[in-house]
Amino acid sequence: MKELIFYISGLLFILFGVQEIKGQPPLFPNSVVSNNIDFILETDPDSFTELRFSGAGVKEMPGNPDGGPLNSFAYIFEAKFADGEMIEIWCHNSFGSETAAQEYAEKLGPRLGKLPAFQRNMVKHVVIHKGDDGAFAEIEGQFFILYSDNMDKRISTNDLEETVFHESVHASYQFMYQNHPEWTGAQDADSTFVTVYAQDNSFVEDIAESALFAYAYLTYPGRLSPDIETWLEENIPNRIEFFRAFYSAATNVKEIEKQPALTVSPNPTNGTFTLQADDKLKGLITVFALDGTLVKSLNALNAQKIDIDLSEFKNGLYIISLPGYKEAKVLKF
């Protein structure tokens, strides 16, 4: 009888062994609200400097629980940051007054200020509605949506910083990398997913779910518990390496002023342009069309400047990115 049991067990191992050695189960249901980890602390460096009301206007604001996306009297604020950049915050007219809208724009400003500069600078704007729905992002539009009551809940549980980080990944670089072989190759090479939410929505959510863990692990070593750090090292090492180009001690907002800035000239271009920085260019240069298609990639190879030719492609807007530099650049061609 024992021999039969061992024989059956052996068959099961042969049949299902791949699944069994695939990896450990995900760590948590999701990255933000299903654990007590404070990935981003309230005391972390913050590059937010001021908020200015710039008037009211017509804005397209998806996610309005009481009507269509077009808002004819949105309250528009400009959040400004230490690196000289700015993001518009659009608050729905259902707030009823500039003062009520500004209260939530001010709650958002410092959370945006804690983002890595390159990530924040790729977000086009942020929408805030009144209500208690969950946050979401428009990946191709490069913006995300928050709801006032939900913001208050997330503040009470120290989760708003993480929510803003998660949604800003969707709204910044995800459209460039979700189909990129560097990311999909890392997914395939790793043994499991960091959360159930990432596992169940691997195309859309895995990059943002994994990014939050990678950011804390790489930018603030020791902030996560030793058990979690070890789990990440053993189970998603290829994703961690993917994010290493984005997040490290050098992408901490403490180091914003030390980061080299990219310069593109001429811009607009007739097809050929020069990319250079204050320091030598390092890493993988990527050029994307606005639909997220990778049109060119090349290694910087520690050059002071590099000439790039896009004359074989059609006229339009292209995004040039080099991780570790202050911001991606938009090229007009």
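Before reading further, recall that the structure is shown in the block above.
Each chain carries its own residue numbering, running from 1 in the written order of its sequence. For a predicted model such as this one, the threshold for reporting local features is a pLDDT of at least 70, and the threshold for listing and counting side-chain atom pairs is 80 or more; totals across whole chains, interfaces and linings nevertheless cover every residue. Each side-chain value is worked out from all heavy atoms of the structure, with water and hydrogens disregarded.

Quick word on the pattern of salt bridges
Part 1 of the reasoning: Whenever a carboxyl oxygen of Asp or Glu lies within 4 Å of a side-chain nitrogen of Lys or Arg, that contact is scored as a salt bridge. Within this structure, the stated rule accounts for 11 salt bridges.
Part 2 of the reasoning: Here E78 and R52 are joined by a salt bridge, their closest N and O atoms 2.8 Å apart. Of this pair, E78 sits in strand β2 (residues 70-81) while R52 sits in strand β1 (residues 48-60), and the two are 26 residues apart along the sequence.
Part 3 of the reasoning: Take E78: its relative accessible area is 13%, and that puts it in the buried class.
Part 4 of the reasoning: Residue E103 is joined to K107 by a salt bridge in which the shortest nitrogen-to-oxygen separation is 3.4 Å. With E103 and K107 both in helix α2 (residues 98-113), this residue pair falls 4 residues apart, about one helical turn.
Part 5 of the reasoning: A 1.4 Å probe rolled over the protein chains alone gives each residue an accessible area, and that area as a share of the maximum for its type sets the label: buried under 20%, exposed over 50%, partly exposed in between. Classification of K107 as buried rests on a relative accessible area of 19%.
Part 6 of the reasoning: Each of the salt bridges in this network shares a partner with another, and the network as a whole consists of E103, K107 and D152. Helix and strand assignments come from DSSP, with helices taken as H or I runs of at least 4 residues and strands as E runs of at least 2, each series counted from the N terminus.

Thoughts on the sheet that holds β2
Part 1 of the reasoning: With mixed pairing, the 6 strands of this open sheet are ordered in space as β1-β2-β3-β4-β6-β5. Strand pairing shows two members of the sheet lacking a second neighbour, β1 and β5 (136-138), which therefore form its edges. Within the sheet, the average angular offset between the axes of one strand and its neighbour, ignoring direction, is 25°.
Part 2 of the reasoning: Between any two strands, pairing holds if DSSP finds at least two bridges. Pairing geometry for strand β4 (residues 125-129) and strand β6 (residues 143-147), over 5 bridges, is parallel. In the strand pairing of β6, V127 is matched with I145.
Part 3 of the reasoning: Residue contacts are counted whenever heavy atoms from the two residues lie within 4.5 Å of one another. The axes are straight lines fitted to the C-alpha atoms, using for helices just the contacting stretch, and the angles between their N-to-C directions are given from 0 to 180°. The strands that helix α4 (residues 148-156) touches are β4 and β6; relative to β6, the one it contacts most, it runs at about 80°.
Part 4 of the reasoning: Here helix α5 (residues 160-171) sits on the sheet and contacts β5 and β6; the angle it forms with β6, its principal contact strand, is near 150°.

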